[in-house]
Number of protein chains: 4
Amino acid sequence: MLRTKEQFIESLRDGRDVYFKGEKVDVTSHSFFEPVINHLGIEFEIPESPQYKDLVTFSPGGKEMYSKYFKIPRAAQDLLERSRIIDLGTRLGGTVVLLIKEIGTDCLFALNIVSRQMDSRLQTDYSRRVSNYHDYCMKNDLAMAVAQTDVKGDRSLGPSDQEHDDYYVRIIEERSDGIVVRGAKAHTSYGPCVNELIVIPTRNMSEKDSRYAVAFAVPANAKGVKMVASPFGGTTRSAFHNPISSSHHMVESLTIFDDVFVPWERVFMKGEAPFAGPLALTFVQFHRFTAISYKAPILDLLVGAAILMAQANGIADTSHVREKLAQLIAYAETVKGLTKQSALNCRRVEEVAVPDPVYSNIAKWHFASNYHQHVALVQDLTGGLTVTGPSEEDLNSPATGGYVRKYLAARKGISADDRLRVINLVRDLTASDFGGYNELLQIHAEGSIEASKITLLREYDARPCVELAEKLAKVRTNSF
Amino acid sequence: MLRTKEQFIESLRDGRDVYFKGEKVDVTSHSFFEPVINHLGIEFEIPESPQYKDLVTFSPGGKEMYSKYFKIPRAAQDLLERSRIIDLGTRLGGTVVLLIKEIGTDCLFALNIVSRQMDSRLQTDYSRRVSNYHDYCMKNDLAMAVAQTDVKGDRSLGPSDQEHDDYYVRIIEERSDGIVVRGAKAHTSYGPCVNELIVIPTRNMSEKDSRYAVAFAVPANAKGVKMVASPFGGTTRSAFHNPISSSHHMVESLTIFDDVFVPWERVFMKGEAPFAGPLALTFVQFHRFTAISYKAPILDLLVGAAILMAQANGIADTSHVREKLAQLIAYAETVKGLTKQSALNCRRVEEVAVPDPVYSNIAKWHFASNYHQHVALVQDLTGGLTVTGPSEEDLNSPATGGYVRKYLAARKGISADDRLRVINLVRDLTASDFGGYNELLQIHAEGSIEASKITLLREYDARPCVELAEKLAKVRTNSF
Amino acid sequence: MLRTKEQFIESLRDGRDVYFKGEKVDVTSHSFFEPVINHLGIEFEIPESPQYKDLVTFSPGGKEMYSKYFKIPRAAQDLLERSRIIDLGTRLGGTVVLLIKEIGTDCLFALNIVSRQMDSRLQTDYSRRVSNYHDYCMKNDLAMAVAQTDVKGDRSLGPSDQEHDDYYVRIIEERSDGIVVRGAKAHTSYGPCVNELIVIPTRNMSEKDSRYAVAFAVPANAKGVKMVASPFGGTTRSAFHNPISSSHHMVESLTIFDDVFVPWERVFMKGEAPFAGPLALTFVQFHRFTAISYKAPILDLLVGAAILMAQANGIADTSHVREKLAQLIAYAETVKGLTKQSALNCRRVEEVAVPDPVYSNIAKWHFASNYHQHVALVQDLTGGLTVTGPSEEDLNSPATGGYVRKYLAARKGISADDRLRVINLVRDLTASDFGGYNELLQIHAEGSIEASKITLLREYDARPCVELAEKLAKVRTNSF
Amino acid sequence: MLRTKEQFIESLRDGRDVYFKGEKVDVTSHSFFEPVINHLGIEFEIPESPQYKDLVTFSPGGKEMYSKYFKIPRAAQDLLERSRIIDLGTRLGGTVVLLIKEIGTDCLFALNIVSRQMDSRLQTDYSRRVSNYHDYCMKNDLAMAVAQTDVKGDRSLGPSDQEHDDYYVRIIEERSDGIVVRGAKAHTSYGPCVNELIVIPTRNMSEKDSRYAVAFAVPANAKGVKMVASPFGGTTRSAFHNPISSSHHMVESLTIFDDVFVPWERVFMKGEAPFAGPLALTFVQFHRFTAISYKAPILDLLVGAAILMAQANGIADTSHVREKLAQLIAYAETVKGLTKQSALNCRRVEEVAVPDPVYSNIAKWHFASNYHQHVALVQDLTGGLTVTGPSEEDLNSPATGGYVRKYLAARKGISADDRLRVINLVRDLTASDFGGYNELLQIHAEGSIEASKITLLREYDARPCVELAEKLAKVRTNSF
């Protein structure tokens, strides 16, 4: 049953342990979280819109309508549609990612696949639990965060070789009714504002690390779960100066599992070390596809803002400006085109359509490794006024407003007010706390640039290439 | 009716005026042209192969089989299939482009569209002529070259403003039975080795340039047509040292129209200046799609050769080598993925499916502007021996063969012979007369890099981007 | 006579019209300006340090000591020394530029040269005025801002063709005792916190724009001068979260000349249109050298922060990390090396050593066009925690401090506190309001990237290159 | 005593074992070697020119004049002068490197330093031998090649771990009068055309590889030395089509040591494994400086050819052309400027001035990793005619010459002949066997790109950077 925004907000008042600046807070009433929760609310409003309803809902049983995020993709078209839904939500959310349901369902799909693989290999009973949990979240229209990235300690060491045992989340006790876990996960997107936390491993595990091979789900208010929310990425909140970040925002938490009990029905992996890597990776296959799908709006925005600024400044026909606009367009469309190819070339695994990792990782890599350079192009076209211009109050003051309006107009027909609004958009998006947040997000979210390369090399079938080279070189050796 | 390779070769013995190194030659017996003609022969052999027959032939009337190159694309699937046919021929031709039928049919498709547009706008009779000519070429399975690029003189001046009148091909006389043309077209691919030359304008024309707005077709042996063949791009011909270029090669000509008569039935544009640009452009829309389709094999070859060399040299697991391989793969697959997107996003114009110019031009630009850098990666992995290694004769000589075999083996299991064969492949492809030819081809063929950017900017619909930016910046001005 | 920091601050209490957020403010007591003025104060403290005294002061007459910024460079060594002084001040100022005396003296040097050129060509009396003004500023140890960039209106139009007459600063009245000027200059660095404003043209002027060809100096509190200070670039001020920007900061103003009277002795150009461009350019020659000189500390800081983070995270020996460190080092040292070459290849004009514009513009271009990409490398090495980490209060809270310290430590021996301090440094420098300010500064300050290219092409003597090409090609034509 | 070109040539007729295409040849009479030897002869002609004499000769004892290449650098000025001499020779040699004396003396300088270090550490007697050998070469004005790069076998294995023992040159016997060596060195520049071969290790050696830690010199005709000359890099020899490579050329050999006896006086290292790496590295420090010094002419040539072509084609004022010219200039001058910095920042080791490796490696890396991309710019400006144009014979033939001249002229005042000459220059330099040779040379000669990065990281003193970061981050830990 689809929930309303109000029901969603109400559900967050459950006594959860969320800390902000060192103090426990109620996220539904704390001013820092207001734009976050309003932003997340969009996801609950979209299905109410007649325009979007058919796109974003489905009815698996033919009666009740659910969010289509929960629909398991079976073919390329399902993935293309999922991509459109993600794009829509992000676009309506001012290019700020909506991760409430996409990340959670990415993880449910991965659990669906890997639990079947475990069951068929190890005669376990995980797929039934996963399926029940999937239905539970879908039917209650829950918001889920995924806590995957362990805090890791020294990156050059594995889980068991660290200075202390808890740098990776681990099972510290096995009981008749479930397990007890300890550890912490870094940067959990929206952790403080969801209903459920799904926890999975972050990497391959060897047998000696088997107590770290654990996957499970807990409600956000489970005893022992503590979330330390991060204050960064958009602290200033003027609707004029921060047209995006004043009303749309993410939040991440350091999510601590201080000896949290998980009943068996919510345990999806318990020590099956050889499946830790596959689960981590399968989630990532889905999640990188989500990642490149939600980049489309920000890419379009960079193009659009650049064109607006070039026109406002009267330089749109200049040769170097046209070169920069062409670069921005090519950048945007390359990522978008490769995203579609990832869906179209999907692979079926355990009857689930998995986005093609070759194209999704190339798209992700291309996006992430070129983002800053294209931000630079937009800043170049926007001009130094981005950081040397006047404030909203200067515009409104009798002492200064007239001067500002007279002198900061540009091309005929463009008022200083409108020009400053577009400049503010560029600054908020690229040259502010929020802009810095965006830069880090592009590099690190959904897997680093290096991770994309590694996945690409592992997933790419180079045999046709090698065979062509061998044929033309007239060599044939099995050692190749 | 499909011709055999022998019939094709025989058809070139028609008295045509082809010059090589200053002398008139018979292309079917001159040693320089031997690999060119053998290479082109592949296109006539493919339809004879049971394996490929269905892919490369079609039967529009249900009886006679023709080359599928002549099939007018009506939907995305037709373009995807055309792309596969082009890929296949290029792959079998050692990554050297096959342009006999693809370039000619690209031009026929463009003439098909623009002749209809002219007829409907100007009540001319061109589309009938084009249709007849299309059938003539298809039924006789002819090889056609397209002569588009005028020699241009001073690039900063238009056709009528040049130092002499003939820098662009023009009509010098109009007669009751046809027209007489004069001028020269540069770098006509395969001109000396085809049956037909199709001539179209190279650019927009203003009314004062209307005598330059001319399109027509003539047989390669038409009176007054003289072709000066270029000797570059692969003069050395050792099967060992030049595994590709010794047996596969292109040829271009400076194609001179020394007052050539063209009967009306073969005239497809005569002075309709406003349609010169559209014809040039529509051809280019098809031809850039052909271009990016035939790049796939050379991209695969760069990847394959790099992997072979890395393995032969025992460095395949080195971190910087893996980085380079990942870059090569991403480069190759980006171009290939965007090519598919160009087909999938095609536009129907006059009932013909035209490849999407946004994706085809981004693909072309991406390919062309990054080719040299990726060649550098392959050369880097191959090593200095590429240009400091021994000759085939050194390998075979009793005096030196033993030393070469002993000292130039590398990783265990890779003989010096095999290693040198792969090195030869890389040198032939990237660091030789033929390699230089390839570099120039990538930059200039099918339109320059700058042309790709211009087309991209013109064809891109930026409105959704601008609207998103306006909405988020909270501005709304018609002047944008 | 050298002033103390206190004397400097006291001198700013002169009734000047500075507006912040729409209200007139006293910069010496307003909290926003506190870090700016403290930062500028460093320039007055350095000469008091025994360690630096000799480097930063000089005594032209042999008695009184003055700031060496005022020393007119006569040879390469003077420029190298000036570069070291600029580097020192910037380094002590936390990589935030110190522009009080360098920008002002850059402008005095340019006025020195161009006034002599005007006097010798036009028999004017400017060089005497400039010399007196130079002495006045030097002897009183004044802080000077340079107001050069007009607000410009429509960039595609010249001063006289704009929608209104005042988009460029112009002379509106000529009186017996001086001139009256009107207009506004954008982004005047430190305008609100200096003693003197020097005003020069921003571009070439044609004869019809002669009323815009004007150069002069006024005290910051001159009647009719109004400065609207910009609030951007570092609003948050936690010593923990913003280790640099909380105590070091620039400020820019929109500087309005609302019919300001300038007495003749302070007028340095009045209608000599052909000299507007040379003055603008000569200033820029000096100022781009200043620009690349003050980049050294931030370049060093990017390298240092990257190394610290790589070590803290335990990834310093990873291959891709080493690649990134090498790139950062090469980037930093290329700019620094070319800066020295600019000094060493200086040209003497009117007995003043002008930094070589070829090297300074290449250095500037290299720095500006690659800054974002190198910031991305540092952010990559630092990790997502940069924007998802906890706050200072979380670290200090009994409820959360223990968790944060336990889980956010990394490599053995690096405490979470220290790691977060380095992360904060990176965020403050690159991913914050201040980081965005830095990005814009790199692109736009001291001339845009496009301006650097244009200057490079104009100043480069390509004859030796063309002659070598002609000799080897065996051609010789005067038209080349 | 300085030799004449004739004396040099005569000295090569000494019975040496040089093989070309499998047969033993006399390099002084074989047509392949003619341009090589004529090219090398330039080095003996330059000192005879009154214009250059003072620059390129010196008289250490005050009487006899010797080549200044042999002068041991003691200060920055010596290195700057050496750089100028190398530039001069390369420029006169058509941008093709002259390596006869520079590479040999680079090695003598390295032997000078490391032999002293060995003597003082191990009480050996090497420095006396090196000094005598240095004098011997200088006084007889000998041409020396350096054979450093072992054939290496499997690059992932050390010398002792290879499939056979001879993948690295090693001592196979120690006799009372000297040693016997076996093995082979790859790509010895000019090996077949020099008087002396100096052999040094190619890498660090561990103790178990001590028999591979060997350095020595032998005459080119020493018994057992066999050189297999490579045929690549410029086989076609038309003065019109190959204006550079028809008269200037390098040659490399696979240099085989088939049990070669070396008397003690010519042995400079014999098993001192810890000094193998330092010798290899010290040589490279000098040789990379030589490398970046001899790049200046080819960089100038790229700039000059690009300008000539842009002018010939009438596109010199086009915006994208100007952008490309600016890029070429910046590329050239960055390498040249950093080369000067390498000399100016030299370090004195054992009283020898060693070029600063930080700047030389950055210069080398910048040059090598951007060469192909800048070649692409030149090819872009030159046009497709580079590989589709006519031959010299077409220009001279009565049948075709008129057409070619009429149609291939471009901008008024530029004849087709001259235009084709410049095009030929570009093709020869960048898009031919010789062009391919150049590309490989840029990547691999004097150490690979990866080697430059490794050296840079090892040699860079990052402490000031780290200290600045620590100061600003307010952390201080010894573990950093």
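As the structure is a prediction and not an experimental result, all values here were calculated from the model. (Residues numbered from 1 in each chain as written. Chains lettered and ligands numbered in written order. Predicted model: local features only at pLDDT ≥ 70, side-chain atom pairs only at ≥ 80, totals over all residues. Heavy atoms only, no water.)

**A short note on the environment of Asp-161 of chain D**
Residue and element names in this part refer to chain D.
Piece 1. Topologically, Asp-161 is positioned in the loop between β5 (144-147) and β6 (170-175).
Piece 2. For Asp-161, a relative accessible area of 40% puts it in the partly exposed group.
Piece 3. Between the C-alpha atom of Asp-161 and that of Tyr-294, which follows or precedes it by 133 residues, the distance is 37 Å.
Piece 4. In this structure the side chain of Asp-161 is engaged in a polar contact, spanning 3.1 Å, whose partner is the side chain of Lys-208. (Helix = DSSP H or I, 4+ residues; strand = E, 2+ residues; numbered from the N terminus. Buried < 20%, exposed > 50% of the residue type's maximum accessible area, 1.4 Å probe, protein only. Polar contact = N/O pair within 3.5 Å; in protein donor to acceptor, adjacent residues only side chain to side chain.)

**Observations concerning the relation of the copies chain D and chain C**
Piece 1. Note on the copies: chain D fits chain C at an RMSD of 0.0 Å, the axial shift is 0.0 Å, and the rotation between them is 180 degrees. Given the turn and translation reported, the copies of this chain are related as if by a two-fold rotation axis. (Least-squares fit on C-alpha atoms with pLDDT ≥ 70 in both.)

**Brief notes about the relation of the copies chain A and chain C**
Piece 1. Its rotation angle being 180 degrees, the transformation that places chain A on chain C also includes 0.0 Å of axial translation and leaves an RMSD of 0.0 Å.
Piece 2. With an isologous cut-off of 70% or more, the 100% of interface residues of chain A that recur at the interface of chain C puts this contact in the isologous class. (Contact = heavy atoms within 4.5 Å.)

**A look at the pairing of strand β9 (residues 214-219) of chain C**
Residue and element names in this part refer to chain C.
Piece 1. Most of β9 sits inside the fold, with five of its six residues counted as buried.
Piece 2. Where strand β8 (residues 196-199) meets β9, four bridges bridge the pair, whose relative direction is antiparallel. The residue bridging Ile-198 from the neighbouring strand is Ala-217, located in β9.
Piece 3. One ladder, built from three bridges, connects β9 with strand β12 (residues 267-270); its direction is antiparallel. From the neighbouring strand, Phe-216 faces β12, where its bridge partner is Val-267. (Pairing = 2+ DSSP bridges.)

**Structural notes on the packing of helix α16 (residues 463-473) of chain A against helix α7 (residues 276-312) of chain B**
Piece 1. Packing of α16 of chain A against α7 of chain B brings their axes to within 7 Å, and their N-to-C directions diverge by 85 degrees. Judged on the interaxial angle alone, α7 of chain B and α16 of chain A are roughly perpendicular. Contact residues: α16 of chain A offers Cys-465, Val-466, Leu-468, Ala-469, Glu-470 and Leu-472 of chain A, while α7 of chain B offers Pro-297, Asp-300, Leu-301, Val-303, Gly-304, Ala-305, Ile-307 and Leu-308 of chain B.
Piece 2. Looking at the contact of α16 of chain A with α7 of chain B residue by residue, the class counts come to 11 nonpolar, one polar and two charged. (Axes fitted to C-alpha atoms, helices over the stretch in contact; angles between N-to-C directions. Parallel < 35°, antiparallel > 145°, perpendicular 65-115°, else oblique. Nonpolar A, V, L, I, M, F, W, Y, C, P; charged D, E, K, R; others polar.)

**Points about the interface of chain D and chain C**
Piece 1. Across the boundary between the two partners, chain D contributes 63 residues, which contact 63 residues of chain C.
Piece 2. Where chain D packs against chain C, one counts two salt bridges.
Piece 3. The shortest N-O distance in the salt bridge between Lys-453 of chain C and Glu-323 of chain D comes to 2.5 Å.
Piece 4. Where chain D meets chain C, there are seven residue pairs in polar contact (both at pLDDT 80 or more).
Piece 5. For the side of chain D that touches chain C, the secondary-structure elements that each account for two or more residues are α4 (76-92), α7 (276-312), α8 (319-344), α9 (357-382), α13 (416-430), α15 (449-459) and α16 (463-473) of chain D.
Piece 6. The dominant element in the side of chain D that touches chain C, judged by the number of residues it contributes, is α8 of chain D, at 15 residues. (Salt bridge = Lys/Arg side-chain N within 4 Å of Asp/Glu carboxyl O.)

**So, the environment of Gly-183 of chain C**
Piece 1. Take Gly-183 of chain C: it is sitting in strand β7 (residues 178-189).
Piece 2. Not counting chain neighbours up to four residues away, the residues in contact with Gly-183 of chain C comprise Tyr-407 of chain A together with Asp-166, Val-169, Thr-255, Ile-256 and Phe-257 of chain C.

**Focus: the packing of helix α7 (residues 276-312) of chain A against helix α15 (residues 449-459) of chain A**
All names here are of chain A.
Piece 1. Where α7 contacts α15, the two axes come as close as 12 Å, and the packing angle between them is 105 degrees. In this view, α7 runs roughly perpendicular relative to α15, as classed from their interaxial angle. Contacts between α7 and α15 involve Leu-281, Gln-285 and Arg-288 from the first element and Ala-451, Ser-452, Thr-455, Arg-458 and Glu-459 from the second.
Piece 2. Within the contact of α7 with α15, the residues separate by chemical class into two nonpolar, three polar and three charged.

**Focus on the side chain of His-248 of chain A**
All names here are of chain A.
Piece 1. Note on placement: His-248 falls in the loop between β10 (225-229) and β11 (252-263).
Piece 2. At 3.4 Å, the side chain of His-248 forms a polar contact with the backbone oxygen of Gly-93.
Piece 3. Leaving out residues up to four positions away in the same chain, His-248 has contacts with Pro-35, His-39, Ile-42, Leu-92, Gly-93, Gly-94 and Val-96.

**Quick notes on the packing of aromatic side chains**
Piece 1. Taken as a whole and assessed by the stated rule, the structure comprises 44 aromatic pairs over all chains.
Piece 2. Taking 6.3 Å as the distance between ring centres and 80 degrees as the angle between the ring planes, the aromatic pair formed by Tyr-168 of chain B and Tyr-212 of chain B counts as edge-to-face. Residue Tyr-168 of chain B is found in the loop between β5 (144-147) and β6 (170-175), and its partner Tyr-212 of chain B is found in the loop between β8 (196-199) and β9 (214-219); the two are separated by 44 residues along the sequence. Here the two residues Tyr-168 of chain B and Tyr-212 of chain B agree in accessibility, since each one is buried.
Piece 3. Every member of this aromatic cluster is reached through a ring pair, and the members are Phe-20, Phe-32 and Phe-33 of chain A.
Piece 4. Across from the ring centre of Phe-44 of chain A, 4.5 Å away, lies the NZ or CZ of Lys-101 of chain A, which sits over that ring. (Phe/Tyr/Trp six-rings, centres within 6.5 Å; stacked < 30°, edge-to-face > 60°. Lys NZ or Arg CZ within 6 Å of the ring centre and 35° of its normal.)

**Description of the interface of chain A and chain C**
Piece 1. Taken together, the contact between chain A and chain C spans 81 residues of the former and 81 residues of the latter.
Piece 2. Approximately 6,600 Å² of surface area, both sides summed, lies buried where chain A meets chain C, with 60% of it carried by carbon and sulfur atoms.
Piece 3. At the boundary of chain A and chain C, one finds four salt bridges.
Piece 4. As a salt-bridge pair, Asp-166 of chain C and Lys-406 of chain A come within 2.5 Å of each other at their nearest N and O atoms.
Piece 5. Where chain A touches chain C, the interface holds 32 residue pairs in polar contact (both at pLDDT 80 or more).
Piece 6. Grouping the constituent residues of the side of chain A that touches chain C by class yields 30 nonpolar, 30 polar and 21 charged. (Buried area = accessible area lost by both parts, 1.4 Å probe.)

**Quick word on the confidence of the model for chain A**
Piece 1. Scored by pLDDT, chain A comes out at a mean of 95, with 99% of its residues at no less than 70.
Piece 2. In the predicted complex, the global pTM is 0.97; the interface-specific ipTM is 0.96. (pLDDT = per-residue confidence, 0-100.)

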